[in-house]
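This is what each chain is made of:
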Amino acid sequence: MTKKKLKPLLIKAAASFLFALFTILITQDFFFTIEPLKRLESKLIDLRFERRGNFDIKDSADVIILEISQQTYDLIPPPENSWPWPRSFFAKVIENLNAAGAKAIGIDIIMTNKDQYDLANDTLLIEIIRKYGNVVVAGKTNIKMEGQVDSRSGFSLTSPQEASYFSHFFHADSSIGVVQVESDFDGVHRTYRPFIYSLVNKSRVPSFGLALLNKYYDKSQFYTGEHDEDNFLKFDKTIPKFSPTSILLNYYGPSRTFRHYDLLDVLDDKEFVTKRELEYEYDENTWDDPDYGMLYEDYFKDKIVIIGSTNPEDKDYMKIPISGGELESENIVYGVELHANYIQNVIWNDFIEKQSKTNEIVLILILTFFIFFTTSILKEIKSKYHLLFEVVSVIISVLGVYIVYEYGMYLFINSQYLISIISPSFAIVISYFGSTAFHFVKERKQNQIIKGMFSTYVSKDLVNQLLADPDRLQLGGEKKNLTVMFSDIAGFTTFSEGKQPEEVVNFVNEFLTEMTAIINDNKGTLDKYLGDAVMAFWGAPIDIQDHHMFACKTAIQMQQKLDDLNERWSKTQNHKLRIRIGINSGDVVVGNIGGENRFDYTVMGDNVNLTSRLEGANKLYSTSIMISEETYKHIKEVFHARELDIIRVKGKSLPTKVYELIGDYDDESSKKKMKELESYFKGLKLYKEKKFKEATKFFIESIEKYEDEPSKVYMKRCGIYIDTPPDEDWDGVFVMTTK
C-alpha cells in the first residue's frame, strides 16, 4: 500500500481511536460519573430481569420466610400483643424450628434494649441461642459515628451499643449479621454486600445473609472468606463481583417468591394460647397438633429460616428490579426476602457474572472502528443516491444498537452474563456522529482547496461537481464523448506590433475574460489558455446531453461578443480583431492528467488534435467557425451550416467532412446568409460531380455578389482541375499540408 493510500487510513484510525477514547472516558467512571448514563444502564438491568421473567422456587428453595404480618399481631393475646413482644416468643420459635430440623435461623429484627416484660425472657433467649448454635441475630452499624474520637479527651465516641452492633444478644455467641443494605442511587436494590468493615472491632462483619450461610456451612461467626479483584471466594465457591464490595443479586421473582409461613403457626404449640383460642375457647395448636401440626411435616428440615416483618406499617421493604407480588406497581419486596435471594444465590451457585472492564473496553474499540469505517465508506460513495447511503448508515448504526441491546438480553437470560449496553451503544452513536463530523470537516477543507484551485478558471457547475465528488481530483482519466473547441485570434502578431506589452496584456485579459464568461454561461469547461488562444470542452465532468449544441452556441456568441469588443476598441486602435474557432465531437480521454504534485483537468486524444486542425483550417477558407461532420450531425436541426469541404488534415489518414457554422435557425441574419449561399451550394454540387467549368460559373456568381471567400477557394481549384483533370477514382478529398 502506497503512502498516499495509507495516510487517509491512518487518519481515520486515529480519529476512530479518539472517539473510542472519548466513549471510554464518558462511560467507564474512571474520573467522573455521568448520572443519566448510569441511571439508564441500571434501568436496562431492570429490563433484563423483566424480559427474563420469574421462577417458581417455592418447593425447591432452601430458604423459608417466617413472617410477622398484621394477622400475627392481631392474634397475639394481650398484654403481650403490643410491640416489642416478650423475647420468650422468639425462644419458643427457635426451639420449635430446631425440633423440625431447621439448619439455620435468622432473626431479622434489631433487639437493642432489654425485654420490657421480664429480664428472664432475655436470659431464656440467650440460653436458647447458645444451646442450638444455629441462630443469627440482626445488627447494624452507625457509619457516621464509627471511628470518631473526642478532640479533647482522645477517647472514642463509640457507645457500647455500637460496639455490640445495636444488638442486646450479640454476646450470646457473637453470631451477628448486619441487616443494613445499600440501594443504588435511584433507590433500587440491585446489589448485596457480603460484609462491611467495622471500625469498632477493626474487622469485617458479615451481612445478615452471609452470617446465615456461615451457620449453614458450619463456618465461624465472623467468616467472610477471601476476595480478589473480580470475585469473592468463600464456601469453596467463586462469586463474581459487581462492584468492589458487592454482587448483583439474581432475583428469582417479586415478593412471596419464597415460601412464607406465619410466625404464629410455629409459635402456636400446645403451651401457647392465641387470641382466637381465648375467644372461641378451643385448642388450635397449628404447630404440634397430631392431626395437622406443622411439626410433623418436613417444611423446615435442613432449611434456612428467616424471621422478619412483612407488615407494611413496619416499612421494612425496598424496591427491586422485578415487579409483581403484593405491590406490583412499586417493585417491592420485604427485607427478609432480599436476604433470602442472596442466600439462595450462593447455595445454588446462581450468580450473574458481569462483563470485565477489559472486555467492555475491547468491545468499545471494535464497535467504534467498525461503525466509523463502515459509515465512512458509505459517506465516501459519490452518487445521486447519496441520501440513500446516508439512510443506510443510519440504519446500520440503529441496527448496531439494537443488536447490542438484544445480545445483552440474550446473554443475561440464557447465560446469566451481564454486559454493558450503554457503553457499546454510546460507542456506535458517537462513531456515527463522529464519522459525520469527520467527513464534514474533511469535505469543508477539500471544498476550500477546490474552490481556491478552480473557481477562477472553470464554471460554477464544475466547481459544484468537484465539491460533490473530490475524488475526481485524483490522477487518471476516463473515455467520454465530448465536444471540444479551439479558438485563436487571427493575426495577433500583427496586432501586437507597435504596442506596449502592458497594452497588449490588457487587451488579451479583457478578451479572455469575456470569452471565458460565455463558455461558463453555456456549461462549458475551460481547459486552458494558450497565449491568446482558448481551449474548452463540453460534457465533462458534468454530463451534458446536448454538448454539441452548447459548443456551437458558445462559438456564435463569442463571435458576436468580439464584434462588440471591436466596436469598443475602435475608439483607441484601428486594427479589427478576428477569431477562428474549430469544433469537433467524439470520444476523448478526460480527467486529471499530470504528475502527483501538479495536474490539470483536461482532454486528450485524436479528436482533440482534429479540433485544433479545424481551427487552423479556417485560414484556408477565410471562415470564422469550422465544425466537423460529427458535430454537424447533432446540430443540423437547430443551426444553419454550410458544407465546406472534405479534408484530410495533417497527421490523419481518414478524411473529414467539415462545415462552416452560420447561425441559429431563428436568426434572421443566418437565414439571409443561407439564401446568399444558393449559388455556392449549386457550384459545390457540380464540383463533386467533376463538372468544374459549370461549377466555376456559380462560384464566380457567389464571389461577385457576396464576396464569398470559400467560393474563391473552389474557383481556384476548378481552374486547376480543368487544366489537370483528377483521376477517375477521385473522391473530392483535399489534403491539407499545414496545421
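Criteria and cut-off values
- Residues numbered from 1 in each chain as written.
- Predicted model: local features only at pLDDT ≥ 70, side-chain atom pairs only at ≥ 80, totals over all residues.
- Heavy atoms only, no water.
- Helix = DSSP H or I, 4+ residues; strand = E, 2+ residues; numbered from the N terminus.
- Rg over C-alpha atoms; globule rule 2.2 N^0.38 Å.
- Buried < 20%, exposed > 50% of the residue type's maximum accessible area, 1.4 Å probe, protein only.
- Polar contact = N/O pair within 3.5 Å; in protein donor to acceptor, adjacent residues only side chain to side chain.
- Contact = heavy atoms within 4.5 Å.
- Expected span 1.5 Å × (residues − 1).
- Salt bridge = Lys/Arg side-chain N within 4 Å of Asp/Glu carboxyl O.
- Phe/Tyr/Trp six-rings, centres within 6.5 Å; stacked < 30°, edge-to-face > 60°.
- Lys NZ or Arg CZ within 6 Å of the ring centre and 35° of its normal.

Visitor: Please explain the overall build of the protein as it appears in this structure.
Guide: Looking only at helices and strands, one finds 24 helices and 26 strands in the protein. Rg of the C-alpha trace for the protein: 50 Å, well past the compact-globule value of 27 Å for 739 residues, more than 25% over. Based on the C-alpha atoms only, the size of the protein along its principal axes is roughly 155 × 65 × 45 Å. When each of the 739 residues of the protein is scored for burial, the buried share is 49%.

Visitor: Just to check I follow, could you spell out the side chain of S702 for this structure?
Guide: Residue position: S702 is located in helix α23 (residues 692-706). For S702, the side chain forms a polar contact with the side chain of S711, separated by 3.1 Å. Dropping the residues within four chain positions of it, S702 is found in contact with S679, Y680, E707, D708 and S711.

Visitor: Whenever I open this one, helix α11 (residues 335-347) confuses me. Can you help?
Guide: In this model α11 runs 19 Å from its N-terminal to its C-terminal C-alpha over 13 residues, within 8% of the 18 Å that 1.5 Å per residue would give. N349 sits one or two positions beyond α11 and adopts a positive phi of about 55 degrees.

Visitor: Explanation requested: the pattern of salt bridges in the structure shown.
Guide: Charged atoms that come close allow side chains of opposite charge to pair. Taken as a whole and assessed by the stated rule, the structure comprises 35 salt bridges. Between E67 and R256 there is a salt bridge whose closest N-O contact spans 2.7 Å. Of this pair, E67 sits in strand β1 (residues 63-68) while R256 sits in the loop between β11 (247-248) and β12 (259-262); the two residues are 189 residues apart in sequence, bridging distant segments of the chain. Counted as one network, the salt bridges with shared partners bring together K43, D46, D184, D186 and R190.

Visitor: So what exactly am I meant to see when it comes to the packing of aromatic side chains here?
Guide: Geometry of an aromatic ring pair is reported as the spacing of the ring centres plus the angle between the planes. Per the counting criterion, the structure on display carries 42 aromatic pairs. Ring centres of Y223 and F235 lie 5.5 Å apart, and the angle between their planes is 50 degrees; on these two criteria the pair is classed as tilted. In this pair, Y223 is assigned in the loop between α8 (208-216) and β8 (226-227) and F235 in the loop between β9 (231-234) and β10 (237-240), connecting sequence segments twelve residues apart. The exposure class assigned to Y223 is partly exposed, which follows from its relative accessible area of 22%. Classification of F235 as buried rests on a relative accessible area of 7%. The ring of F242 is capped by K354, whose NZ or CZ atom sits 4.6 Å from the centre of that ring. Here the guanidinium or amino end of R717 rests over the ring plane of F734, the centre of that ring lying 4.0 Å away.

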